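Chain by chain, the residues:
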Amino acid sequence: MEKAAHYNAGVELLNACAARGAATLVRCQGAQTSGESLVAGALALQAALQRRGLSPGDRVLMLVRDTPAFVMAFLGALRGGFVPVPVSTQLPKASLSFIARDAGVRAAIVDRALEASSELPNGVARLRAELAAFEGVSSGPRPDAAVTRESDPAFFLYTSGTTGEPKGVVHRHADLAVTARCYGRDVLGIGPGDRLLSAAKLFFAYGLGNSLTFPLALGAEVVLSPERATADEMFGLIARERPTVFFGVPTLYAAMLAHAALPVSLGRVRLCVSAGEALPASLYERWRTQFGVEILDGLGSTEMLHVFLSNRPGAVRAGSSGTPVPGYRVRVVDEHDRDVADGEIGALVAHGESAARGYHGRLDDTARTMFAPGWLRTGDSVRRDGDGYFWHAGRTDELFKVSGQYVSPVEVESVLCSHAAVLEAAVVGQLDGEGLVKPRAFVVLAPGAQASERLARELQDHVKANVAPHKYPRRVDFVGELPKTATGKVRRHLLREKPA
């Protein structure tokens, strides 16, 4: 449905909260927050920012854990026409200061628990976020909503990236509703009666949809937790809060299956979702066997705001990223932007109404990535099979050639993870003593497995038996953990830099 010329995402989502009245919308650490309480907190936050002299368009940094205060702050800022900039609560001070300067923030909403770790430029006004309200905010006249358009900048999300400085992805007011409708409703079937739990935090694009946009827009409840998303924490929340949809990442699913006190049931969970990295087929099969619940693996990006390729309930092709989400189009192209044949690896480009309008202050990066209205160069390499399913081959800059033939790290990692002794694996291309690129594997062992030269040879033979022989790792290193970004993506460039 086409939106009116004047459109404010904060107003729309807060109207949805108001319609819930006194009914519970958010569950967090044993407390319940109603829709009307979220509205009151959001309006108070908006009024507080206005009293501090902010005007529509001013950026507001948010350093807030996953609590009702995040929802209030984000929606209150949107309603006032301010531009919230949520950031990772795990950022070092230097990175936080960089983002604050890069975004040109005029105010910051800081969680009480994070005040000691925050460092902001001089002149940035601070508000302290509490679990369910904002300190120092008194009741007063209801502030007017800002008059905004669907195409106006609504919020920035900074990409974590595996290298280089983070970039501020600029999203519009219209983008949130698109992801809720196309993915949350049309793929996951979320609606009243559902209760959502996401391991990905609200400051990520994935978590923002899972824990804010989807439940508010589609009439569901959400479970929030400010704690780190460990296997123990997630199983505890699943048992206590009884969610119906669980959102995780491959690393967490592997850790949960390796948990010492593995439960026999996920309670009311009807559906699990994975994104961030490709979900190995073996991990999917183990989860399905253990719990009888499907994991819908998908592929998304900060620039597209959420998942745009996904498997479907009852039609999962294990190991794949599924097919395009309704409302999105994708192509697989070569270096000349020509479509490649099915079965060939190429670069993924995607089109959707939720595509970002650009990177803040980076015209060249914007022109390279957002090359046409609604179209993005995702930076992912994929292949499409004859049935229209897409298979992730890794980031475009992570592919490498051995004997003149492409090697997909994701493919080799998936085979390694199918071995009973392997919990996680990462594969990179590295120069050998003769200056030739060869695969090297870094393996985290499953509980009870012991590192040995014999096991390394067994893993190499396992790969040879399941993929083309030139793809097998010439060296296998056993490690305690893999280096990862805050979103759970393996930082393969750090592994490539390790001495041979």
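Residues numbered from 1 in each chain as written. Predicted model: local features only at pLDDT ≥ 70, side-chain atom pairs only at ≥ 80, totals over all residues. Heavy atoms only, no water.

Novice: Would you take a moment to explain the overall build of the chain for this structure?
Specialist: From N to C terminus, the chain includes 13 helices and 25 strands. Relative to the 2.2 N^0.38 estimate, which gives 23 Å for 500 residues, the radius of gyration of the chain is 23 Å and therefore close to what a compact globule would have. Judged by the C-alpha coordinates and their principal axes, the chain covers about 70 × 50 × 45 Å. In the chain, which comprises 500 residues, the share counted as buried stands at 56%. Sequence separation of at least 24 residues holds for 65% of the intrachain contacts in the chain that already meet a minimum separation of 6. (Helix = DSSP H or I, 4+ residues; strand = E, 2+ residues; numbered from the N terminus. Rg over C-alpha atoms; globule rule 2.2 N^0.38 Å. Buried < 20%, exposed > 50% of the residue type's maximum accessible area, 1.4 Å probe, protein only. Contact = heavy atoms within 4.5 Å.)

Novice: Mind showing me how you'd approach the packing of helix α5 (residues 175-185) against helix α6 (residues 205-218) here?
Specialist: When two helices pack together, their arrangement is given by the angle between the helix axes and the distance between those axes. For the pair α5 and α6, the least separation of the axes is 9 Å and the interaxial angle reads 85°. Viewed along their axes, α5 and α6 adopt a mutual orientation that is roughly perpendicular. Of the residues in α6, those touching α5 at Leu 176, Thr 179, Ala 180, Tyr 183, Gly 184 and Arg 185 are Leu 208, Thr 213, Phe 214, Ala 217 and Leu 218. Residues that form the contact of α5 with α6 fall into these classes: seven nonpolar, three polar and one charged. (Axes fitted to C-alpha atoms, helices over the stretch in contact; angles between N-to-C directions. Parallel < 35°, antiparallel > 145°, perpendicular 65-115°, else oblique. Nonpolar A, V, L, I, M, F, W, Y, C, P; charged D, E, K, R; others polar.)

Novice: Just checking my understanding: could you explain the pairing of strand β25 (residues 475-478) for this structure?
Specialist: If a strand is regular, its side chains alternate between the two faces of the sheet. Here strand β24 (residues 437-445) runs beside β25; their pairing, made up of four bridges, is parallel. The residue of β25 that forms the bridge with Ala 441 is Val 476. Regarding topology, helix α12 (residues 453-466) serves as the crossover connection from β24 to the parallel β25, and that connection is right-handed. (Pairing = 2+ DSSP bridges. Right-handed = clockwise from strand over helix to strand, strands pointing away.)

Novice: Please explain the environment of Glu 115 as it appears in this structure.
Specialist: Mapped onto the secondary structure, Glu 115 falls in the loop between β5 (105-111) and β6 (125-129). Here Glu 115 falls in the partly exposed class, since its relative accessible area comes to 28%. Residues Glu 115 and Val 64, 51 residues apart in the sequence, show an inter-C-alpha distance of 10.0 Å.

Novice: Help me understand the sheet that holds strand β7 (residues 153-158), please; the structure alone is not making it clear to me.
Specialist: Spatial ordering of the open sheet is given by β7-β8-β18, a layout of three strands whose pairing is antiparallel. Edge positions in the sheet fall to β7 and β18 (358-359), since each has one partner strand and no second. Where strand β8 (residues 168-172) lies against β18, two bridges are found, and the strand directions are antiparallel. Bridge pairing links Val 169 to Tyr 359 in β18.

Novice: Explanation requested: the pattern of salt bridges in the structure shown.
Specialist: When charged atoms on two side chains of opposite charge get close, those side chains can pair. This structure, assessed with the given rule, holds 25 salt bridges. Between Asp 477 and Arg 440 there is a salt bridge, and its shortest N-O distance comes to 2.8 Å. With Asp 477 in strand β25 and Arg 440 in strand β24, this residue pair connects regions lying 37 residues apart in the sequence. Looking at Arg 440, the relative accessible area reads 4%, which means it is buried. Ionic contacts of the salt-bridge type, sharing partners, join the residues Glu 277, Glu 398, Glu 413 and Arg 492 into one network. (Salt bridge = Lys/Arg side-chain N within 4 Å of Asp/Glu carboxyl O.)

Novice: Is there a simple way to think about the packing of aromatic side chains in this case?
Specialist: By convention here, two paired aromatic rings are described through the distance between centres and the angle between planes. For the coordinates displayed, the defined rule picks out eleven aromatic pairs. Ring pairs connect the aromatic residues Phe 235, Phe 246, Tyr 253, Trp 287 and Phe 291, which therefore count as one cluster. For the cation-ring pair, Arg 377 lies above Phe 371, with the distance from its terminal atom to the ring centre recorded as 4.2 Å. (Phe/Tyr/Trp six-rings, centres within 6.5 Å; stacked < 30°, edge-to-face > 60°. Lys NZ or Arg CZ within 6 Å of the ring centre and 35° of its normal.)

Novice: Would you explain the sheet that holds strand β23 (residues 422-431) in this entry?
Specialist: Here three strands make up an open sheet; going across it, the order is β23-β24-β25 and the pairing mixed. Looking along the sheet, the strands with just one partner apiece sit at the ends: β23 and β25. Put simply, the sheet's adjacent strands are angled 25° from each other on average, direction ignored.

Novice: Sorry, what's going on with the packing of helix α1 (residues 9-20) against helix α3 (residues 68-79) here?
Specialist: Here α1 crosses α3 at 130°, and the two axes come no closer than 7 Å. As judged from the angle between their axes, α1 and α3 are oblique. The element α1 and its partner α3 pack so that their crossing is left-handed. Across from Ala 9, Gly 10, Val 11, Leu 13, Leu 14 and Cys 17 in α1, the residues of α3 making contact are Leu 75, Leu 78 and Arg 79. Here the residues of the contact of α1 with α3 are counted per class, giving seven nonpolar, one polar and one charged. (Left-handed = near helix turned anticlockwise from the far one by under 90°.)

Novice: Which parts of the structure should I look at to understand the nonpolar core?
Specialist: Counting residues in hydrophobic clusters, the biggest one holds 75 residues, and the most contacted among them are Phe 246 and Trp 287. Apart from residues no more than four positions distant in its own chain, Phe 246 is found in contact with Leu 197, Met 234, Ile 238, Leu 252, Tyr 253, Met 256, Val 269, Leu 271, Cys 272 and Val 273. Judged by nonpolar contacts, the second largest core, of 43 residues, contains Val 71, Leu 157, Leu 216 and Leu 305. (Core = buried A, V, L, I, M, F, W, Y, C linked by side-chain atoms within 4.5 Å.)

Novice: Help me understand helix α2 (residues 35-51), please; the structure alone is not making it clear to me.
Specialist: Helical geometry note: an α-helix holds 3.6 residues per turn, so side chains three or four residues apart project in the same direction. Taking 1.5 Å per residue as the helical rise, α2 with its 17 residues ought to reach 24 Å, and the 25 Å between its terminal C-alpha atoms agrees with that figure. What α2 keeps buried is the set Gly 35, Leu 38, Val 39, Gly 41, Ala 42, Leu 43, Leu 45, Gln 46, Ala 47, Ala 48 and Leu 49. At the C-terminal side of α2, Gly 53 shows a positive phi close to 90°. (Expected span 1.5 Å × (residues − 1).)

Novice: Could you clarify how one ought to interpret the pairing of strand β4 (residues 83-86) in this entry?
Specialist: Here β4 shows two buried faces, one formed by Val 83 and Val 85 and the other by Pro 84 and Pro 86. Bridging between strand β3 (residues 59-63) and β4 involves four bridges; their strand directions are parallel. Of the residues in β4, the one forming a bridge with Met 62 is Pro 86. Taking the sense of rotation as the criterion, the β-α-β connection linking β3, α3 and β4 turns out right-handed.

Novice: How do you make sense of the side chain of Ser 381 when you look at a structure like this?
Specialist: Relative to the helices and strands, Ser 381 resides in strand β19 (residues 375-384). By relative accessible area, Ser 381 is classed as buried at 2%. A distance of 3.3 Å separates the side chain of Ser 381 from the side chain of Thr 396, its partner in a polar contact. When near neighbours in sequence (up to four residues on either side) are disregarded, Ser 381 contacts Ile 345, Gly 346, Trp 391, His 392, Ala 393, Gly 394, Arg 395, Thr 396 and Leu 399. (Polar contact = N/O pair within 3.5 Å; in protein donor to acceptor, adjacent residues only side chain to side chain.)

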